[in-house]
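Tertiary structure, described
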Amino acid sequence: MALIRLAASRFSKRTVAAAAETPKHIWLDKSLTSSFTPLRCYLSTEASSKPESVVLGENIPAPPMVYISGEEMTHYASQLFVEQWIKPYFDTSAWEVFDLSCKSRDETDDKVLHDAVAAGARIGAIFKEPTITPSALQVKEMGLSKAFGSPNGAMRRGWNGITISRDTIHIKGVELGYKNQVLFERHAVGGEYGAGWDQVGEGTLLTTYLPKDGSAPFVVDKRDLTDENNVVVVYHNPYDNVRELAHLFFKRCLDAKVTPYVVTKKTVFKWQEGFWATMKEVFDADYKKAFEMEGLLERCGGDLTHLISDAATMQLIRWTDGGFGMAAHNYDGDMLTDQIAQVHRSPGFITSNLVGKSEDGNLIKEFEASHGTVSDLWHDHLAGKETSLNPLGLVEAMIGAMQHAAALDVERNPEDVSKQVVQKKVMNFTLTLREAMHNTFRYGQGTRDMSGPSGFTTEDFISKVAWRLQRYLAMQHEESPPPQLHEPSRKYRRNLNVDTEAINKMFQKYDKNGDGKIDYEEFESMMIKLNLAPKLEKGKESHNPDV
C-alpha cells in the first residue's frame, strides 16, 4: 500500500470523484499500471531512462543552424536563455552566428546581411532575434552612415519565401484571448512591401510591361495626374508560389483540426481574384474530402469560404473560441495577424515563421518572435531598473529552429544513426523545455505581464525555468521507474452507495473554466469549501509544491 501526494497537477473527473469518496487505501498493483497516470506535475517528462533523454553537461552536438542576433532587450534575453537553457546540454559550435545589429550592418556595409541570407539558404534552419530598421532619427543617434532597410525583405527574397506562418501560442490552463488555436498564412512576398514609389506633380503616368521573351511591350496602366502633389506607388504580387502556400496551409489546418478560410479584398481589388482561385482549386482537388471527413467544414457551410478582409477583422474579434485558420496576401496578413495578437493578449503570444524553399527542394524555415526589440524595457535595463520581459515568443522560435535543424540533418544524412539519435534528443529536450516554461507560468511564477506585480524579473524567470528544466530532465534518468499506483475498481468495495450524478454536478461546480479538468487553484477552492483542506500547524508556513 502507498499514499498519493496530490501535487499541483490537473485532475480528471474520475480522479476527483474518487477523491470525494475519501477511500482509506490506495492499492499498489504493478500489473495494472498501463491504465493509470501518476498525479505529478511533470507527467510528460517522467519516465525511466529514455534513450532520447538529455543529461546536464552531455554536450550533444547541436545540428547546424543559422543564428541571427539582433539588439536591445530581446537580444539580452535571448543570450540569457541560450547560456542557461541550451549550452549546458548542447555544443552549439555548428551554429553560424550573424550579428545584424545596426552597428554591425554599418561596419560591414550590410555584407553581414548578405552572408546571413546565403548561410540560411545553404543550411535551411534559422533562428532570428528581433532587429531594428533604423529611422532617420536613429540613424543620427547611432551615427550610422545611412538608413539601412529592413532585413526581412532580403531574407524573403533570398529564401524564396512562400508564407509567414503566424499561429497563436497556448499554455494549458492559462486563459488567453482565443480558447483554441488560430493559424494564419501570410503570403511572404510582393505587395506593398516591395513597392516602388515616388512623389510627382502634374503629368501622365505610364506603367509599361516589357515581356522577357521579347514580344511586344504593352501599357498596363495609363493615368493623367492633375494634382500638383501626388505619391505614385507601383507594386506586384507574384503568384507562382501560391499553390505551394495552399498546400502548406491546408495541411497545417488538417493537422491542427481547424476550419480554413481565405481572405482577400477581391470585390474591390479585382487583381486579387487569382489568389482566391488558386487556393480554391488546390482545396477542391486535394483536401476537401479530408476536411469533410473530419467535420471541419460544418461551421462554414460545407465548403471552403472566402472572407472579405473587412469581414475578417470582425470575425477575429467574435470567434474567440478559435479553431480556425486564415490565409491572406502579404499586407492584409500583416494587419490581421497584428489584430490576432492583440485579441490573444500580445504579440508575444503568436509565432512568426517564414517558410521558403531551397533550390534542392528542401523547406527553408526561419523562426522569430512576432514582436520587436522591446526598446522601453531595454532603456529601463540600461538605467538599472528591474525588467520583466516575457520570452515566450522567442523561445518558441528557438524550439522550432532546433527541431527543424535536427530534421534537416537527418534528411541529409539518412544512413547516419547518430543523427537520428540527436534528433530524438533535440525533440525530447525542446518539448521538455516548453513544458518547464509553461509550468512556470502555471505556478504563478511568470513574468509580470502574466503574473502581475509579483511576477518574476527577466533574469529570475529565466533562472527559474533553467532550474525546472534541469529537474525534469534529471527525472528521466532514474535508474528504475518509480512505482505506479492503481486505484482498485469500485466493484471490490463493500456497501458501495455513491450518487454519481451528484458527483458529476459537484465536479461541474468546481470546474470553473469548463475544460473538463480541475487545476490546482480550482482543487484548492473545492477543498476549502468542502472543509477538507488540511489545517496548518502553528508556526509552520505553507508552501506550494514544485516551486
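Counting restarts for each chain: residues are numbered from 1 in the order of the written sequence. In keeping with the predicted nature of the model, local features appear solely for residues at pLDDT of at least 70, side-chain atom pairs appear and are counted solely at 80 or more, and the whole-chain, interface and lining totals rest on all residues. Water and hydrogen atoms were dropped before computing side-chain values, which therefore reflect all heavy atoms in the structure.

Under the convention used in this document: UniProt positions are given in the numbering used here, feature names are shortened, and annotations may be inferred rather than shown by experiment.
The name given to the chain in an unreviewed UniProt entry is Isocitrate dehydrogenase NADP-dependent, and the organism recorded there is Nitzschia inconspicua. The Sequence similarities (unreviewed entry) comment attached to the chain in UniProt states, word for word, "Belongs to the isocitrate and isopropylmalate dehydrogenases family."

Notes on the packing of helix α2 (residues 72-86) against helix α16 (residues 458-475)
Our working rule: Every angle, taken between N-to-C directions, lies between 0 and 180 degrees, and every axis is a line fitted to C-alpha atoms, over only the stretch in contact when it is a helix. Per the convention used, a helix needs a DSSP run of H or I reaching at least four residues, while a strand needs a run of E reaching at least two, with both numbered from the N terminus. If an angle is under 35 degrees, it is roughly parallel; if it is over 145, roughly antiparallel; if it lies from 65 to 115, roughly perpendicular; otherwise it is oblique. The sense of a crossing depends on the near helix, which, turned anticlockwise from the far helix by less than a right angle, makes the crossing left-handed and, turned clockwise, makes it right-handed. Whether two residues are in contact is decided by their heavy atoms: any pair within 4.5 Å suffices. Each residue receives one of three labels: charged for Asp, Glu, Lys and Arg, nonpolar for Ala, Val, Leu, Ile, Met, Phe, Trp, Tyr, Cys and Pro, and polar for the others, Gly being one of them.
Between α2 and α16, the least distance of the axes is 10 Å, while the angle of their chain directions is 25 degrees. The angle between α2 and α16 falls in the class roughly parallel. Judged by the twist between their axes, the crossing of α2 over α16 is right-handed. On α16, the residues touching M73, Y76, A77, L80, F81, Q84 and W85 of α2 are T458, E459, I462, S463, V465, A466 and L469. Taken together, the residues of the contact of α2 with α16 sort by class into 10 nonpolar, three polar and one charged.

Examining the sheet that holds strand β6 (residues 163-165)
Put simply, the rule reads: When DSSP locates at least two bridges between a pair of strands, those strands are taken to pair.
Spatial ordering of the open sheet is given by β4-β2-β5-β16-β15-β6-β7-β14-β12-β13, a layout of 10 strands whose pairing is mixed. Only two strands of the sheet have a single partner each, and these edge strands are β4 (95-99) and β13 (305-308). Recorded for the sheet is a direction-independent mean angle of 20 degrees between the axes of neighbouring strands. Across four bridges, the pairing between strand β12 (residues 259-264) and β13 is parallel.

Some remarks on a nonpolar patch on the surface
To be explicit about the condition: The patch calculation keeps residues exceeding 30% relative accessible area without a salt bridge and links them within 9 Å when they carry like charges or within 5 Å when they are nonpolar (Val, Leu, Ile, Met, Phe, Trp, Tyr). Per-residue and other accessible areas were derived by the Shrake-Rupley procedure at a 1.4 Å probe size, with only the shown protein chains allowed to occlude residues. Put simply, a salt bridge is a Lys or Arg side-chain nitrogen that is within 4 Å of an Asp or Glu carboxyl oxygen.
A cluster of nonpolar side chains, W197, V231, V233, Y235, V268, F269 and W271, forms an exposed patch at the surface whose accessible area comes to about 730 Å². One can find V268 in the loop between β12 and α8 (273-286).

Side note on the environment of S454
Our working definition: Polar contact is the term for a pair of N or O atoms within 3.5 Å; when the atoms are in protein, one must be able to donate a hydrogen and the other to accept it, and sequence-neighboring residues count only if both atoms are side-chain atoms.
Secondary-structure assignment places S454 in the loop between α15 (448-451) and α16. For the pair S454 and G444, spaced 10 residues apart in the sequence, the C-alpha separation amounts to 8.9 Å. Of note is the side chain of S454, whose polar atom sits 3.5 Å from the backbone oxygen of S451.

Let's talk about the packing of helix α7 (residues 242-256) against α8
Where α7 contacts α8, the two axes come as close as 9 Å, and the packing angle between them is 50 degrees. As far as their axial angle goes, α8 and α7 are oblique. α8 is crossed by α7, and the crossing has right-handed handedness. When α7 is examined against α8, the residues V242, R243, L245, A246, H247, F249 and F250 are found in contact with a partner set consisting of F275, T278, M279, E281, V282, F283 and D286. Residues belonging to the contact of α7 with α8 are distributed by class as follows: nine nonpolar, two polar and three charged.

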